[in-house]
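Take a look at the letters that make up each chain.
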Amino acid sequence: MRSNDFKKAGQIISQIKRNTNKSNTDNQMKPLNEFTKQELWKAFLKTFKEMYNKEFHEDKNVLNNLKPLFFYFLKDEKFFECENLRADISAPSFEKGFMIIGGYGLGKTDYMKVFQNIFKNYPNLRLKIYTSKELVHKYEICQTPLDKQSFIKDAERKLMFIDDISSERIASNYGHMDVIDEVLINRYDKNLITFVSCNYTTNNNCAKQTLQDLGLRYGGRMYDRFHEMFNIIEFKGSSFRR
Ligand SMILES: Nc1ncnc2c1ncn2[C@@H]1O[C@H](COP(=O)(O)OP(=O)(O)OP(=O)(O)O)[C@@H](O)[C@H]1O
Ligand SMILES: [Mg+2]
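Residues numbered from 1 in each chain as written. Chains lettered and ligands numbered in written order. Predicted model: local features only at pLDDT ≥ 70, side-chain atom pairs only at ≥ 80, totals over all residues.

Turning to the sheet that holds strand S2 (residues 128-131), a few remarks are in order. Pairing in this open sheet of five strands is parallel, and the strands run S2-S3-S6-S1-S7 from one edge to the other. The open sheet has two edge strands with one neighbour each: S2 and strand S7 (230-235). Sheet twist, expressed as the average angle between the axes of neighbouring strands with direction ignored, equals 15°. Pairing geometry for strand S1 (residues 97-102) and strand S6 (residues 193-199), over five bridges, is parallel. Looking across to S6, one finds that Ile 101 is bridged to Cys 198. (Pairing = 2+ DSSP bridges. Helix = DSSP H or I, 4+ residues; strand = E, 2+ residues; numbered from the N terminus. Axes fitted to C-alpha atoms, helices over the stretch in contact; angles between N-to-C directions.)

It is worth spelling out helix H4 (residues 37-52) at this point. Compared with an ideal rise of 1.5 Å per residue, which puts 16 residues at 22 Å, H4 spans 22 Å between its outermost C-alpha atoms and is within 8% of the ideal. Listed in full, the buried residues belonging to H4 are Leu 40, Ala 43, Phe 44 and Phe 48. Around the axis of H4, the buried residues are gathered within 135° of arc, so they sit on the same side. In H4, those exposed residues whose orientation departs by more than 90 degrees from the buried face are Gln 38 and Glu 50. (Expected span 1.5 Å × (residues − 1). Buried ≥ 20, exposed ≤ 12 C-beta atoms within 10 Å, placed from the backbone. Arc of directions from axis to C-beta.)

This part covers the site of ligand 1. In the neighbourhood of ligand 1, 15 residues make up the surrounding shell, with His 57, Gly 107, Thr 109, Asp 110 and Phe 240 lying closest. For the shell around ligand 1, the element with the highest residue contribution is helix H6 (residues 108-118), accounting for three residues. (Near = placed C-beta within 6 Å.)

Further remarks concern the confidence of the model for the chain. In this model, the chain carries a mean pLDDT of 86, and residues with pLDDT of at least 70 account for 85%. In this model, residues 17-34 is a region of pLDDT below 50 whose contacts with residues beyond four sequence positions or in other chains number eleven contacts. (pLDDT = per-residue confidence, 0-100. Contact = placed C-beta atoms within 7 Å.)

On to unusual backbone geometry, then. Backbone geometry places Asn 191, a non-glycine residue, at a positive phi of 60°. With respect to the element layout, Asn 191 can be found in the loop between helix H9 (179-189) and S6. A positive phi angle, near 50°, is found at Asn 205, a position not held by glycine. Structurally, Asn 205 is set in the loop between S6 and helix H10 (207-218).

And the structure:
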């Protein structure tokens, strides 16, 4: 089952807490599955500050954007009630990964990098992040069939976040290849959990239309699979890049 690797998220995150807060917890061993969202929240704020050297700004939009990510990683049933989870577009499930759709500058990239950092020592949650452009470049510099094989192998890692899909161009390497399309289809076939982000494709910020446009970009075969691969999470608000 796809979600098996995540089932122990609460247990693993308990260990994170014990590791990062050892003096407090040495004498307070909690049952392994008792990790709370407050503890992940604390780790998130601390890591965000360390990585970007600034305070994390909280408002209603930010919290509504983040909640589904938190509850997803915690495997908390509250995930299914999140305002920004678009259950009307794709049936929510912990067996799927997620697609974040939203406007520019809302934290799609940086939040996922924070999670990557928090989870980096925990094999079941370890997340590799690529931008779609990096993947295209990585493919284009493959010189031999062996290089291509190792590219494919790398793209089969357990958990992967591909940032900014559909912003990439078609790869050119002795013929053309739609790298992201191929990577996603391969991951679908292998039942691997994938996370992606993309920006709205429309001026009126329509997530449904954006998904349809992704379907035009990657083709019907992929469009159909999007629903099986991804929960749809919409990020709302205005850009932090001011
Ligand atoms: N809640 C927040 N508090 C403070 N800074 C934030 C917050 N959310 C995002 N930022 C900052 O806003 C900037 C934009 O974030 P990020 O690059 O992750 O956005 P994005 O959604 O990936 O944008 P794009 O669609 O353009 O790729 C970054 O400098 C990030 O650190
Ligand atoms: Mg980004």
